[in-house]
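Topology and contacts: notes
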Amino acid sequence: MNINSLKKEIQEMEQWWHKLIFLCNRNGQFNTTLPFTEQFEKVNVNFILSQGLLNVAKHKYPLYVEDILLDAFLNRNKVYFLQHIDILFDPVLQVHPIRLLENISKTYKIVVEWPGKYEDDQLYYAEYGHPEYFSCREFEGKVILK
């Protein structure tokens, strides 16, 4: 990954309808060492959602996921770095992770640490046959391979 190209994309994202960048590692493993992470507001999605859903009945999770996540976004001028998004793939939540992120990115600038892989113009999470398996070919935003 070229750090300068990532910085350039972040500067340009204000002009995009979906202000969304997916950082993907070529081998599916991710190392969060970005030299300028101090420019980001880090958001641990697993922590926020697991805390926010503690007192919600499981059958009502889909109604609260987006609102709980949105509580972490306070400033439209900041760039939010979403890490640990694995919880979004839990079938119990009944959400489409990409559509959720796209919706939030209409208002807030988001860089997502994608915990899966990107192959053949498609984002993947988990292996085929796994209960949390997810793939998405049609999505908004840009993918930057590390």
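Residues numbered from 1 in each chain as written. Predicted model: local features only at pLDDT ≥ 70, side-chain atom pairs only at ≥ 80, totals over all residues. Heavy atoms only, no water.

1. Comments concerning helix α3 (residues 61-70)
All of the buried residues along α3 are Tyr-61, Val-65, Ile-68 and Leu-69. Axial view of α3: buried residues confined to an arc of 90 degrees, hence all on one face. (Buried < 20%, exposed > 50% of the residue type's maximum accessible area, 1.4 Å probe, protein only. Helix = DSSP H or I, 4+ residues; strand = E, 2+ residues; numbered from the N terminus. Arc of directions from axis to C-beta.)

2. A few points about the packing of helix α2 (residues 45-52) against α3
Axis separation between α2 and α3 bottoms out at 9 Å; the angle between their running directions is 125 degrees. It follows from the interaxial angle that α2 and α3 lie oblique. Classified by chirality, the crossing of α3 by α2 is right-handed. Counted together, Val-45, Ile-48, Leu-49 and Gly-52 of α2 and Val-65, Ile-68 and Leu-69 of α3 form the full contact between these two elements. Of the residues in the contact of α2 with α3, the class split is 6 nonpolar, 1 polar and no charged. (Axes fitted to C-alpha atoms, helices over the stretch in contact; angles between N-to-C directions. Parallel < 35°, antiparallel > 145°, perpendicular 65-115°, else oblique. Left-handed = near helix turned anticlockwise from the far one by under 90°. Contact = heavy atoms within 4.5 Å. Nonpolar A, V, L, I, M, F, W, Y, C, P; charged D, E, K, R; others polar.)

3. Comments concerning the sheet that holds strand β7 (residues 134-136)
Sheet strands pair via backbone hydrogen bonds, and the direction of the pair is either parallel or antiparallel. Read across the sheet, 3 strands follow the order β5-β6-β7 without closing on themselves; strand pairing throughout is antiparallel. Each edge of the open sheet is held by one strand with a lone partner, namely β5 (117-119) and β7. For this sheet, the mean inter-axis angle between neighbouring strands, taken without regard to orientation, is 20 degrees. In the sheet, strand β6 (residues 122-125) pairs with β7 via 3 bridges, with the strands oriented antiparallel. Pairing of Tyr-125 across the sheet is with Phe-134, part of β7. (Pairing = 2+ DSSP bridges.)

4. Some words on the packing of aromatic side chains
What characterises a pair of aromatic rings is the spacing of the ring centres plus the angle enclosed by the ring planes. Inspection of the entire model under this criterion finds 12 aromatic pairs. With centroids separated by 6.1 Å and ring planes inclined at 90 degrees, the aromatic side chains of Tyr-80 and Tyr-108 adopt a geometry described as edge-to-face. Taken together, the positions of Tyr-80 in strand β3 (residues 79-83) and Tyr-108 in the loop between α4 (97-105) and β4 (109-113) put the pair 28 residues apart, joining distant regions of the chain. Just as Tyr-80 is buried, Tyr-108 falls in that class too. A network of ring pairs unites the aromatic residues Phe-22, Phe-89, Trp-114, Tyr-118, Tyr-125, Phe-134 and Phe-139 as a single cluster. (Phe/Tyr/Trp six-rings, centres within 6.5 Å; stacked < 30°, edge-to-face > 60°.)

5. Overview of the pairing of β3
β3 sits mainly inside the fold: 5 of its 5 residues count as buried. Both faces of β3 are covered, namely the face carrying Val-79, Phe-81 and Gln-83 and the face carrying Tyr-80 and Leu-82. Alignment of strand β2 (residues 40-44) against β3, held across 5 bridges, turns out to be parallel. Paired with Asn-44 across the two strands is Gln-83, which belongs to β3. When β3 meets β4, the two strands line up parallel, connected through 4 bridges. Across the sheet, the residue bridging to Phe-81 is Val-111, located in β4.

Scope: geometric values only; no functional claims are made or implied.
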